[in-house]
Amino acid sequence: QDWTKLVAELSNSNEHRRWRGAYGLAQMLQTAPEGDTDTPKLTQNPVIVDGLTELFVKELAKSSPSDDDIQFQAYLARTLGRLESPDKVFPVLREGMQSTHDREVRKNSVAAIAVIAGRARDRKQPLKNAALATDLIDVSSDADPLMRQVAAYTLGLIASERGSQRLIVLLDDPDENTKLNAAIALSRDGSTAGLSVFESVLSSST
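These numbers come from a predicted model, not from an experiment. Position numbers for residues count from 1 along each chain, tracking the sequence in the order it is written. Local features in this predicted model are restricted to residues of pLDDT 70 or higher, and side-chain atom pairs are both shown and tallied only at a pLDDT of 80 or more, whereas totals for entire chains, interfaces and linings draw on every residue. Hydrogens and water molecules were not included; the side-chain quantities draw on all heavy atoms of the structure.

### Notes on the confidence of the model for the protein chain
Thinking step 1. What pLDDT conveys is the predictor's confidence in a given residue, as a value from 0 to 100. Residue-level pLDDT values for the protein chain average 89, and 94% of them are 70 or greater.
Thinking step 2. Mean pLDDT across the secondary structure elements of the protein chain bottoms out at helix α2 (residues 15-30), with 85, and peaks at helix α8 (residues 145-155), with 97.
Thinking step 3. Here, two residues are considered to be in contact whenever any of their heavy atoms come within 4.5 Å of each other. Across residues 35-39 the pLDDT falls below 50, and counting only partners more than four positions away or on other chains, this stretch makes one contact in the model. Secondary structure elements follow DSSP: runs of H or I no shorter than four residues count as helices, runs of E no shorter than two count as strands, and numbering proceeds from the N terminus.

### Here we look at helix α4 (residues 67-80)
Thinking step 1. Helix length check: α4 (14 residues) gives 20 Å between terminal C-alpha atoms against 20 Å at 1.5 Å per residue, within 8%.
Thinking step 2. Buried means the residue's accessible area, taken with a 1.4 Å probe over protein chains only, is under 20% of the maximum for its type, while exposed means over 50%, and partly exposed covers the values in between. Most of α4 is tucked away, with 10 of its 14 residues classed as buried.
Thinking step 3. Buried within α4 we find Asp69, Ile70, Phe72, Gln73, Ala74, Tyr75, Leu76, Ala77, Thr79 and Leu80.
Thinking step 4. Elements in contact with the buried residues of α4: α2, α3 (46-60), α5 (86-96) and α6 (103-122). Helix span is expected to be 1.5 Å times the residue number reduced by one.

### Notes on the nonpolar core
Thinking step 1. By nonpolar core is meant a set of buried Ala, Val, Leu, Ile, Met, Phe, Trp, Tyr and Cys residues that side-chain atoms within 4.5 Å join together. Of all hydrophobic cores here, the largest spans 56 residues; its most connected members are Ile48, Leu52, Phe56, Leu80, Leu83, Leu93 and Leu167.
Thinking step 2. Top element by residues in this core is α6. It accounts for eight residues.
Thinking step 3. Setting aside anything within four residues of it in sequence, one finds phenylalanine 56 in contact with Gln73, Leu76, Ala77, Leu80, Val92, Leu93, Gly96, Val105 and Ser109.

### Section: the packing of α2 against α4
Thinking step 1. Only the stretch in contact is used when a helix axis is fitted, and all axes are lines through C-alpha atoms; the angle between N-to-C directions ranges over 0 to 180 degrees. The N-to-C vectors of α2 and α4 enclose an angle of 20°; their axes lie 10 Å apart at closest approach. The orientation of α2 relative to α4 falls into the category roughly parallel. As α2 packs across α4, the resulting crossing turns out to be left-handed. Here Glu15, Arg18, Trp19, Ala22, Tyr23, Ala26, Gln27 and Leu29 of α2 come into contact with α4, specifically with Asp68, Gln71, Phe72, Tyr75, Leu76 and Thr79. Should an angle fall under 35 degrees it is called roughly parallel, over 145 degrees roughly antiparallel, and 65 to 115 degrees roughly perpendicular, with every other angle called oblique. The handedness criterion is simple: a crossing whose near helix is rotated anticlockwise from the far helix by less than a right angle is left-handed, and one whose near helix is rotated clockwise is right-handed.

### So, the pattern of salt bridges
Thinking step 1. Should a side-chain nitrogen of Lys or Arg be within 4 Å of a carboxyl oxygen of Asp or Glu, the pair is scored as a salt bridge. One pass over the structure, following the stated rule, counts 15 salt bridges.
Thinking step 2. The partner of glutamate 84 in a salt bridge is arginine 119, with the nearest N and O atoms 2.6 Å apart. One end of the pair, glutamate 84, is in the loop between α4 and α5; the other, arginine 119, is in helix α6, with 35 residues separating them in the sequence.
Thinking step 3. Classification of glutamate 84 as buried rests on a relative accessible area of 17%.
Thinking step 4. If you follow the salt bridges from partner to partner, you end up with Arg18, Glu59, Lys62 and Asp69 in one network.

### Side note on the environment of glutamate 59
Thinking step 1. Tracing the backbone shows glutamate 59 in helix α3.
Thinking step 2. For the pair formed by glutamate 59 and aspartate 69, sequence separation is 10 residues and the distance between their alpha carbons is 7.4 Å.
Thinking step 3. Under the rule applied, a polar contact is a pair of N or O atoms within 3.5 Å (in protein, one hydrogen donor and one hydrogen acceptor; residues adjacent in sequence only if both atoms are side-chain atoms). At a separation of 2.6 Å, a polar atom in the side chain of glutamate 59 contacts the side chain of arginine 18.

### Some words on the packing of aromatic side chains
Thinking step 1. Between 30 and 60 degrees the pair is tilted, below 30 it is stacked and above 60 it is edge-to-face, where a pair is any two Phe, Tyr or Trp rings, Trp via its six-membered ring, whose centres lie within 6.5 Å. All told, the structure shown has three aromatic pairs when counted by the stated rule.
Thinking step 2. Ring geometry for tryptophan 19 versus tyrosine 75: centroids 5.3 Å apart, planes at 50°, classification tilted. Of the two residues, tryptophan 19 sits in helix α2 while tyrosine 75 sits in helix α4, which places them 56 residues apart along the sequence.
Thinking step 3. Under the relative-accessibility criterion, tyrosine 75 is labelled buried at 11%.
Thinking step 4. On the numbers, 6.3 Å between centres and 25° between planes, the contact of tyrosine 23 with tyrosine 75 is stacked. Of this pair, tyrosine 23 sits in helix α2 while tyrosine 75 sits in helix α4, placing them 52 residues apart in sequence.
Thinking step 5. An aromatic cluster is built from Trp19, Tyr23, Phe72 and Tyr75, whose rings are joined through pairwise contacts.
Thinking step 6. Both a distance and an angle decide whether a charge sits over a ring: NZ of Lys or CZ of Arg must be within 6 Å of the ring centre and within 35 degrees of the ring normal. Across the ring face of tyrosine 153, the terminal group of arginine 188 is positioned such that the distance to the ring centre comes to 4.5 Å.

The structure is reproduced here in structure tokens:
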């Protein structure tokens, strides 16, 4: 498929063609080649990055999104997680995780950040982003336990002292999965602070 045509479809007024463009790009990004010295690989291609981030911002600005709009926003958030341009992607994902948006959009925005941060850790280049960590800390106080769960998991992938301190607090969260994700996040950096949580999980499974 020609990725330039798919990018053009993102701005099409026809809902089905927009979906087709976004879906096609997501599939291409999943198996994107490295590219040569003259052509950046698809996950870093500025035309693709700008096209997807600008469309996500436009979609988030809808005052009364329909169910289809919300599904499309969530899908775009997941697709943004495939990109390797954190400077452009993180600001729009930070907007996507705000409480003014639908739960599915928020969840997928945080999850996309986790995917990007996870790749960076795998490369031994953990991300440091104080503003992003602050937003994740805010989400970790959400009344919705699902949002606390994904925030706890993602905080463990961002290099942040405040984030680590917040994870210790989350070890006492009333939601079991949030506690477990906080313990897992802390253990990634060698902390044993969440040992009692692991012991509790193991004892309850026997």
